[in-house]
Amino acid sequence: RPMTFAECARDYVANPKRKLRDGGKAGRWMSPIDLYAIPAIGNLPVGEVTADDVVRVLRPIWKIKYPTADKLAGRIALVLEHGGEVHGIATDRNAVSTARRRLGDAGHKVENIKATPWENVPALFARLDLEKYGIAAALTRFAILVAGSRMAELRMALWEHFDPDNQTLFVPASKRGHARRHPLSPQALAVIEF
């Protein structure tokens, strides 16, 4: 039986040679595919997915959730490409670009979220009830307490990067910078223990 789109997508993320974005987590990468593509085209043989099918997947979210739709379109293209390159299946590699042209301009405008003025940070911090809002509040509190760090550094931090004995967070060198250590206050350490 031919490989389905869903099987090809799962095979794509399971391939150890693939470098996934979104922190390299297969679940995060698959999330828009699982939510929008698999219900619509998951059972189709990957070699039979057409531009019409991609339009059917993207149309409901194209104008209202454009960033997600754009991400999903790119991932569908990668799955189709994977089916062709790895499994030798004749896939329509132009299906996504054709679907994008058919859907037209989404009219998406990027709106920046205003930063909280520094005078209001204590009140914001107090409203971040850990019991009520859980991990989201804990992460936001931690970001406030570790001033000078980038959000990506905090999101991608691993347990081995934390040194409670020396009250520091080690940030490994990346493409953009050098390795460094951020001091952690007792309050930041308490958030980690949450």
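> Give a description of the pattern of salt bridges that names residues and reports values.
Using the criterion set out here, one finds six salt bridges in the structure. The residue arginine 1 makes a salt bridge to glutamate 7 at a minimum N-O spacing of 2.5 Å. Among the ionic pairs, aspartate 70 bridges to arginine 100, the shortest N-O distance being 2.7 Å. Here aspartate 70, found in helix α4 (residues 66–87), pairs with arginine 100, found in helix α5 (residues 95–103); they are 30 residues apart in sequence, far enough to count as distant. Among the residues examined, arginine 100 registers a relative accessible area of 26% and is labelled partly exposed.

> Give me the environment of alanine 95: which residues, what numbers.
Its location among the elements puts alanine 95 in helix α5. Ignoring anything within four residues of it in the chain, the contact list for alanine 95 reads Val49, Thr50, Ala51, Val54 and Leu80.

> Tell me about the layout of surface pockets, and please be specific about residues and values.
Unfilled space is identified by rolling a water-sized probe across the atoms. In this structure, the second largest pocket spans a volume of roughly 460 Å³. Every element with two or more residues in the lining of the second largest pocket is listed here: α7 (130–145), α8 (151–155) and α9 (186–193). Here the residues of the lining of the second largest pocket sort into 14 nonpolar, one polar and one charged.

> Outline the nonpolar core, supporting the account with residue identities and numerical values.
Counting 32 residues, the largest nonpolar core has Phe5, Ile33, Leu58, Leu72 and Ile76 as its most contacted members. Contributing elements (two or more residues each) for this core: α1 (5–14), α2 (26–41), α3 (51–62), α4 and α5. Beyond its immediate sequence surroundings of up to four residues, isoleucine 33 is in contact with Phe5, Ala9, Ile38, Pro39, Leu72, Arg75 and Val79.

> Provide a residue-level description of the packing of aromatic side chains, including the pertinent values.
Taken as a whole and assessed by the stated rule, the structure comprises four aromatic pairs. A centroid spacing of 5.9 Å and a plane angle of 50° characterise the contact between tryptophan 159 and phenylalanine 162, whose relative ring orientation is tilted. Residue class for tryptophan 159 comes out exposed when judged on its relative accessible area of 63%. For phenylalanine 162, a relative accessible area of 18% puts it in the buried group. Put simply, the rings of Phe142, Trp159 and Phe162 pair up and form one aromatic cluster.

> Account for the sheet that holds strand β1 (residues 162–163), naming residues and giving values.
The three strands lie next to each other as β1-β2-β3, forming an open sheet whose pairing is antiparallel. Only two strands of the sheet have a single partner each, and these edge strands are β1 and β3 (180–183). Note that β1 and strand β2 (residues 168–171) share two bridges and pair antiparallel. Paired with phenylalanine 162 across the two strands is leucine 169, which belongs to β2.

> Please set out α2 residue by residue, giving values where relevant.
Taking 1.5 Å per residue, 16 residues should reach 22 Å; α2 reaches only 19 Å between its end C-alpha atoms and comes up short. Maximum bend of α2: about 50°, positioned at aspartate 34. Within α2, the full set of buried residues consists of Trp29, Met30, Pro32, Ile33, Tyr36, Ala37, Ile38 and Ile41. Residues of α2 that are buried make contact with α1, α3 and α4.

Analysis parameters
Residues numbered from 1 in each chain as written. Predicted model: local features only at pLDDT ≥ 70, side-chain atom pairs only at ≥ 80, totals over all residues. Heavy atoms only, no water. Salt bridge = Lys/Arg side-chain N within 4 Å of Asp/Glu carboxyl O. Helix = DSSP H or I, 4+ residues; strand = E, 2+ residues; numbered from the N terminus. Buried < 20%, exposed > 50% of the residue type's maximum accessible area, 1.4 Å probe, protein only. Contact = heavy atoms within 4.5 Å. 1 Å grid on protein atoms, 1.4 Å probe; cavity = no way out; pocket = protein on both sides within 12 Å on 5 of 7 lines; lining within 4 Å. Points joined across faces, edges and corners; volume = space filled by probe spheres on them. Nonpolar A, V, L, I, M, F, W, Y, C, P; charged D, E, K, R; others polar. Core = buried A, V, L, I, M, F, W, Y, C linked by side-chain atoms within 4.5 Å. Phe/Tyr/Trp six-rings, centres within 6.5 Å; stacked < 30°, edge-to-face > 60°. Pairing = 2+ DSSP bridges. Expected span 1.5 Å × (residues − 1). Bend = angle between axes of the 7 residues up to and from the residue.

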